[in-house]
Amino acid sequence: MRGKIINDPVYGFIRFPEKELMQVIEHPWFQRLRRIKQMGMAHLVYPGAVHTRFHHSLGAAHLMNIALAELNSKGIDISREECIAARLAILMHDIGHGPFSHGLEHTIVHGISHEGISKMIMQRLNERFDGLLTEAISIFENTHPKTFLHQLVSSQLDMDRMDYLNRDSFYTGVSEGVIGYDRILQMLTVKDGNLVVEEKGIHSVEKFIIARRLMYWQVYLHKTVLGAEQLIINILRRARQLAQSGTQLFATPALHFFLYEKITGSDFAADPSVLDKFCLLDDADIAASIKVWAAHPDPVLSRLCTMMLDRRLYKVKLSTQPLTEEFLQMQQHVAASGKINKNELPFYLFEGSTSNSTYNQNDERINILMKKGDVVNISQVDNALIGSDLTVPVEKFYICSVPPESTL
């Protein structure tokens, strides 16, 4: 099987000469990622954000290649087999995502994350490819003896985050997300088996962390994006309610299965066919259903779907303080109007919260190799920009309600 050179809009020409990677890339389960948007519903706010999980996975594998080459050039012992395994691990890290990425992660199935499904897919493909992915799975699971390989796949300075910040910034046009990824990759090295950054790369890493914070609050958790994701979650929640009560709904075969059956994580483990059906799901299944459901007799489902099709999204109010009192007043106002019963109210008016950590000190820390040879957590470096204030998670509270033109 021949390798490929792919023209990527972010990095230019990227190469996949390894036949092992091409076996995975050309498998239908990986090709499915072409039909899943990387940023879920963000294109309703940033029209250019229509890139896919496929783009992102290839980009992350490209950055992994650069990182491994840099480490090799510094005398870090990494065999060809380990390089391929690390590239396979990052290539497949998102293969378990469902339609519209994070937005529907716990709506169609419950009790299992996309990481858990990714692991199951890797194990199934490992059987299909006669053990090709054994070492990649050990890197993914962090059981490989070289811990730094897992840290390149999953940590606070991994190739996943480095690509999605770079790529999402490119496609949204939000310049705050631009990072000096090439500089960071050149500053990577290994100390005592763990991934570290040379001291002279600290400012590039600080910019990377700040860029992630800005992208979360300006893009990923933008209030309109949040409202759009909550809308599509409620559409699927209502559809499942109707399906579970025996109401007939249009759906593709794969979506029909997950609407009418109560699928949990244990079902994936017990029945291999569940994973087969999951790997047939993508954005098209949901999008086609929403178009049809807009004309469904159920007033809740049809209204929510029409709101999505016409981009009349929830009106969202964000606050750093709980909005409980205001929410109760809104509930009372709707109840007094008599236009909707209390069982349907949560689809039209609800509250919640969301949070994000700029730098999580309890996670895989970003360690800096100082010139004197000691290793220091980035938040403890003298005059560090990433101080105690930025290590505290930021929580915001929200109320979602139907827009004025959809008044109840």
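In this report, we go over the structure that sits alongside the text. Keep in mind the model is a prediction, meaning the values are calculated, not measured.

1. Considering the sheet that holds strand 6 (residues 349–356)
Logical step 1: Here we have 3 strands laid out as an open sheet, ordered 5-9-6, and antiparallel in their pairing. Of all the strands in the sheet, the pair left with one neighbour each is strand 5 (315–319) and strand 6. When the angles between neighbouring strand axes are averaged without regard to direction, this sheet yields 25°.
Logical step 2: Running over the sheet, helix 10 (residues 202–220) touches strand 6 and strand 9 (394–401) and is turned about 175° from strand 6.

2. Some remarks on helix 16 (residues 299–309)
Because an α-helix packs 3.6 residues into every turn, residues spaced three or four apart end up facing the same way.
Logical step 1: Of all the positions in helix 16, only Val300, Leu301, Ser302, Leu304, Cys305, Met307 and Met308 are classed as buried.
Logical step 2: Close packing links the buried residues of helix 16 with helix 11 (223–244) and helix 15 (283–293).
Logical step 3: Immediately beyond the C-terminal end of helix 16, within one or two residues, lies Arg311, with a positive phi of roughly 55°.

3. Notes on the packing of helix 5 (residues 114–128) against helix 6 (residues 134–141)
Logical step 1: Between helix 5 and helix 6, the shortest axis-to-axis distance is 10 Å and the interhelical angle comes to 165°. On the basis of the axis angle, helix 5 is roughly antiparallel to helix 6. Pair helix 5 / helix 6 crosses with left-handed handedness. Along the contact surface, helix 5 presents Glu115, Ser118, Lys119, Met122, Gln123 and Asn126, while helix 6 presents Thr134, Ala136, Ile137, Phe140 and Glu141.
Logical step 2: Residues of the contact of helix 5 with helix 6, tallied by class, amount to 4 nonpolar, 4 polar and 3 charged.

4. Focus on the state of the cysteines
Logical step 1: Taken as a whole and assessed by the stated rule, the structure comprises 0 disulfides.
Logical step 2: No disulfide involves Cys305; its sulfur sits 17 Å from that of Cys400, the nearest cysteine.
Logical step 3: Classification of Cys400 by relative accessible area gives buried; the value is 0%.

5. Thoughts on unusual backbone geometry
Logical step 1: In this model, Asn142 sits at a positive phi of 65°, which is unusual for a non-glycine residue.
Logical step 2: Position of Asn142 relative to the elements: it lies in the loop between helix 6 and helix 7 (147–153).
Logical step 3: When its relative accessible area of 34% is taken as the criterion, Asn142 is described as partly exposed.

The rules we used
Residues numbered from 1 in each chain as written. Predicted model: local features only at pLDDT ≥ 70, side-chain atom pairs only at ≥ 80, totals over all residues. Heavy atoms only, no water. Pairing = 2+ DSSP bridges. Helix = DSSP H or I, 4+ residues; strand = E, 2+ residues; numbered from the N terminus. Axes fitted to C-alpha atoms, helices over the stretch in contact; angles between N-to-C directions. Contact = heavy atoms within 4.5 Å. Buried < 20%, exposed > 50% of the residue type's maximum accessible area, 1.4 Å probe, protein only. Parallel < 35°, antiparallel > 145°, perpendicular 65-115°, else oblique. Left-handed = near helix turned anticlockwise from the far one by under 90°. Nonpolar A, V, L, I, M, F, W, Y, C, P; charged D, E, K, R; others polar. Disulfide = S-S within 2.5 Å.

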